[in-house]
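If you want the building blocks of each chain, they are given just below.
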Amino acid sequence: MSRVAYVNGRYVPHRDAAVHVEDRGYQFADGVYEVVCVQHGEVIDEDPHLDRLERSLKELRIASPMGRRAYKHITRELLRRNRVTDGIVYTQITRGVARRDHPFPAAGTPPSIVMTSRRIKPQDPKLFDHGIAVVSMPDIRWQRCDIKSVSLLPNVLGKQQAREAGAYEAWFVDRDGNVTEGASTNAWIVTQDGELVTRQLGNAILGGITRRSLLQLAADAQIKVVERAFSLDEARRAREAFLTSTTSFVTPITKLDGKPVGSGKPGPVADRLRELYYGYMDTPEPV
Ligand code: PDD
């Protein structure tokens, strides 16, 4: 049985799944997306992801093409049809198809929706054992990074620059010299004083769902987290650094701009938080 995608109300063979050339997502990146992780058939943090999807749509004044029950139904149908128990579901919604013109199309253009699902291998355990390298670069993104928009050109360029430098992730640095987040992950450090820090929510970062769940898990475990800006300099002097996302969970960073972070080995705080997060994924409950 071949892979199946959901496109505007129909399940179609993945190889034939397509949107129109005048889809505004294609022409203007006028759309939003979500990525959810599926583990042992469970969709992790599904409602928080759908909350964020609805928020992104609202901020861009794109109508939601369906209600929450329908999203959940299609998600399960895609998992079933593609025989995915461990993987991801990708959802993308755009403002729809219209003759190319920058302003929103006049009334009557329905949004486009595409959903796909695929198996992915869990994060390579080697990355947890050895940690990963990150390189910093100026944050050249727009001022609404809180919206999960498909407009990801700076993220694409950043990730590519990181890969070419032999690193796994790019850390974006704002004009004040503070780290905002990674190209597709949230950024965390443990300072020399033992303070666990991640950037506060706002327009400069995406409100990561993994970040959100981890904050709750840390609070439950009486681990104090300070949500504030931290500078690249502070990160370079940190005891530990790590990143979080739906697909990378909690991954330690052992090299920043070619220099070791802390001892140059994954630190105990990141390891502990990853254990907590794994425990949470095994018994997902709304937080
Ligand atoms: N990336 N920051 C950015 C810019 C991201 O793109 C992501 C997610 C995150 C982490 O968010 P979450 O914990 O909700 O995954 C932070 C997804 C996985 C992607 O683009 O594939």
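Structure: see above.
Structure report, in brief. As the structure is a prediction and not an experimental result, all values here were calculated from the model.

Digging into the side chain of Asp-45
At step 1: Here Asp-45 shows up in the loop between strand 4 (42–43) and helix 2 (46–59).
At step 2: One buried charged side chain, Asp-45, makes no salt bridge at all; its nearest oppositely charged neighbour is Arg-212, positioned 5.1 Å away.
At step 3: With near-sequence residues (within four places) excluded, Asp-45 lies in contact with Ile-209, Ser-213, Tyr-277 and Tyr-280.

Regarding the site of the ligand
At step 1: What surrounds the ligand is a group of 19 residues, the closest being Tyr-33, Glu-181, Ile-209, Thr-210 and Thr-246.
At step 2: Ser-184 has a polar backbone atom sitting 3.3 Å from a nitrogen atom of the ligand.
At step 3: For the ligand, an oxygen atom lies 2.8 Å from a polar atom in the backbone of Ile-209.
At step 4: Starting from 470 Å² of accessible surface for the ligand in isolation, the protein chains cover 89%.
At step 5: The cavity where the ligand resides is the largest pocket.
At step 6: When residues of the shell around the ligand are traced back to their parent elements, those giving at least two are strand 3 (31–39), helix 2, strand 9 (178–182), helix 6 (209–220) and strand 14 (240–245).
At step 7: Each residue belonging to the shell around the ligand can be placed in one class, and the counts come to 5 nonpolar, 11 polar and 3 charged.
At step 8: There are two domains that each give the shell around the ligand at least three residues, and those are domain 1 (4–119) and domain 2 (125–281).

Topic: the packing of helix 6 against helix 8 (residues 268–282)
Helix-helix packing is characterised by the crossing angle of the two axes and by the distance between the axes.
At step 1: Remark: helix 6 packs on helix 8, axes separated minimally by 10 Å, with the N-to-C direction vectors making an angle of 105 degrees. Between helix 6 and helix 8, the crossing angle belongs to the class labelled roughly perpendicular. Of the residues in helix 8, those touching helix 6 at Thr-210, Ser-213, Leu-214, Leu-217 and Ala-218 are Leu-273, Leu-276, Tyr-277 and Tyr-280.
At step 2: In the contact of helix 6 with helix 8, the residues fall into 7 nonpolar, 2 polar and no charged.

What to know about a nonpolar patch on the surface
At step 1: A contiguous nonpolar patch, built from Leu-153, Val-156 and Leu-157 and spanning about 300 Å² of accessible area, is present on the exposed surface.
At step 2: Locating Leu-153 in the fold gives a position in helix 5 (residues 153–164).
At step 3: Taking relative accessible area as the criterion, Leu-153 reaches 58% and is therefore assigned exposed.

How each quantity is defined
All chains use their own residue numbering, which begins from 1 and follows the written sequence. With the structure being a predicted model, the display of local features is reserved for residues of pLDDT at least 70 and the display and counting of side-chain atom pairs for 80 or more, all residues being used for whole-chain, interface and lining totals. For the side-chain quantities, the full set of heavy atoms in the structure was used; hydrogens and water were omitted. Strands here mean DSSP runs of E at least two residues long; helices mean DSSP runs of H or I at least four residues long; both are numbered from the N terminus. Only protein chains enter the accessibility calculation, which uses a 1.4 Å probe; a residue is then buried when its area is under 20% of its type maximum, exposed when over 50%, and partly exposed in between. As used throughout, the charge tally considers Lys and Arg to be positive and Asp and Glu to be negative, leaving His and the chain termini uncounted. Take a side-chain nitrogen of Lys or Arg and a carboxyl oxygen of Asp or Glu: if they are within 4 Å of each other, that pair is a salt bridge. Any pair of residues with heavy atoms lying within 4.5 Å of one another is described as a contacting pair. For this description, a residue counts as near a given molecule or strand if any of its non-hydrogen atoms is within 4 Å of it. Throughout this description, a polar contact denotes any pair of N or O atoms lying within 3.5 Å of each other; where both atoms belong to protein, one of them has to be capable of donating a hydrogen while the other can accept it, and for residues adjacent in sequence the pair is counted only when both atoms sit in side chains. In these tables, accessible area is a Shrake-Rupley quantity obtained with a 1.4 Å probe, and a residue counts as shielded only by the protein chains included in the view. Cavity and pocket criteria rest on a 1 Å grid covering protein atoms alone: a 1.4 Å probe that fits but cannot get out defines a cavity, protein on both sides within 12 Å along at least 5 of 7 lines defines an open pocket, and an atom within 4 Å of a point defines a lining residue. Throughout, a molecule is located in a cavity or pocket provided that more than half of its atoms lie within 2 Å of its grid points. Throughout, the ten residues Ala, Val, Leu, Ile, Met, Phe, Trp, Tyr, Cys and Pro are labelled nonpolar, Asp, Glu, Lys and Arg are labelled charged, and all others, Gly among them, are labelled polar. For the domains described, the bounds stem from an automatic or database domain assignment. Interaxial angles span 0 to 180 degrees and are taken between N-to-C directions of axes, which are lines fitted to C-alpha atoms, for helices over the stretch in contact. Comment on the angle field: the value is read as roughly parallel under 35 degrees, roughly antiparallel over 145, roughly perpendicular from 65 to 115, and oblique elsewhere. What goes into a patch is any residue over 30% in relative accessible area without a salt bridge, connected to like charges within 9 Å or, for nonpolar side chains (Val, Leu, Ile, Met, Phe, Trp, Tyr), within 5 Å.

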